[in-house]
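Topology and contacts: notes
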Amino acid sequence: MTDPAAHAAKKAKIKAARDRMMETKTGEKGLIIVLTGPGKGKSSSAFGMILRCVAHGFPCAVVQFIKGGRPTGERDLLARLGVQFHTMGEGFTWETQDLERDRAAARAGWEMAKALIRDPANRMVLLDEINIALRYDYLDVAEVVAFLRDEKPPMTHVVLTGRNAKPEVLEIADLVTEMAVVKHPFRDGIKAQPGVEF
């Protein structure tokens, strides 16, 4: 059993070190945040950040690149909370099977995204599944990177989700999280369910 006095002394030492470290963390800026990897939770995490911004009274916007018009809990709730929500994709790429239509949808989504990002009133803009559009070369990664690097307003956060984020996107990001798969119910024959996946 841990001695309470030893525990308190250890935690006091950690707190002092942490306080010294925090004194050097004074900067603020709009972040480029990438949520990628094969595991579940990329979009869910991003929507959580959108909800945090909404709770602080910050205007936000969402552009969905691949997901289609299927009703989702997040779209319904965020629209009621005043978040601009634009579903620009037509569904998973294996559903549409039309390269030119997919490219056109991605291009329309990117044009919408640029307008929303350029608006300094938006504190956070979520580009949901843009990494998929970039992976399939529906959009030019150099153009996306240049825009985010050169035109994003200084205090606007931009979140990019989707598997297989391109190295060029990872390079300009301020924060990158890769979701890993440990277990997933789909492998056991469980379908996507409301409240968990959509």
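What comes next is a walk through the structure. (Residues numbered from 1 in each chain as written. Predicted model: local features only at pLDDT ≥ 70, side-chain atom pairs only at ≥ 80, totals over all residues. Heavy atoms only, no water.)

Looking now at a nonpolar patch on the surface. A contiguous nonpolar surface patch, about 230 Å² in accessible area, is contributed by L51, L77 and L81. In this structure, L81 sits in the loop between α3 (73-80) and β3 (84-87). Judged by relative accessible area, which is 42%, L81 ranks as partly exposed. (Patch = residues over 30% accessible without salt bridge, like charges linked within 9 Å, V, L, I, M, F, W, Y side chains within 5 Å. Areas by Shrake-Rupley, 256 points an atom, 1.4 Å probe, with all protein chains shown as cover. Salt bridge = Lys/Arg side-chain N within 4 Å of Asp/Glu carboxyl O. Helix = DSSP H or I, 4+ residues; strand = E, 2+ residues; numbered from the N terminus. Buried < 20%, exposed > 50% of the residue type's maximum accessible area, 1.4 Å probe, protein only.)

Attention now goes to the environment of E129. Within the secondary structure, E129 sits in the loop between β4 (124-128) and α6 (130-135). By relative accessible area, which is 15% here, E129 ends up buried. Taking the C-alpha atoms as reference, E129 lies 31 Å from K25; in sequence the two are 104 residues apart. Not counting residues up to four positions away in its chain, the partners in contact with E129 are S43, F65, I66, K67, T161 and G162. (Contact = heavy atoms within 4.5 Å.)

A few words on helix α5 (residues 99-118). Its 20 residues place the ends of α5 28 Å apart at the C-alpha level, agreeing with the 28 Å of an ideal helix rising 1.5 Å per residue. Among all positions in α5, only D102, A105, A106, G109, W110, A113, K114, L116 and I117 are buried. Looking at where α5 begins, the residue whose side-chain oxygen comes 3.3 Å from the main-chain nitrogen of E100 is D98. (Expected span 1.5 Å × (residues − 1). Polar contact = N/O pair within 3.5 Å; in protein donor to acceptor, adjacent residues only side chain to side chain.)

Further remarks concern the environment of A173. Position of A173 among the secondary structure elements: in the loop between α8 (167-172) and β6 (175-178). In sequence terms A173 and L31 are 142 residues apart; their C-alpha atoms lie 7.5 Å from each other. When neighbours within four sequence positions are excluded, A173 is seen to be in contact with I32 and V34.

On to the sheet that holds strand β2 (residues 60-64). If you walk across this open sheet you meet the 6 strands as β3-β2-β4-β5-β1-β6, and the pairing is parallel. Looking at strand neighbours, the two that pair on one side only are β3 and β6, the edges of this open sheet. Direction aside, the axes of adjacent strands within the sheet are offset by 10 degrees on average. Alignment of β2 against β4, held across 5 bridges, turns out to be parallel. Along β4, the bridge assignment pairs C60 with M124. Lying on the sheet, helix α2 (residues 42-55) is in contact with β1 (32-36), β2, β3, β4 and β5 (157-161); it crosses β4 at an angle near 160 degrees. (Pairing = 2+ DSSP bridges. Axes fitted to C-alpha atoms, helices over the stretch in contact; angles between N-to-C directions.)

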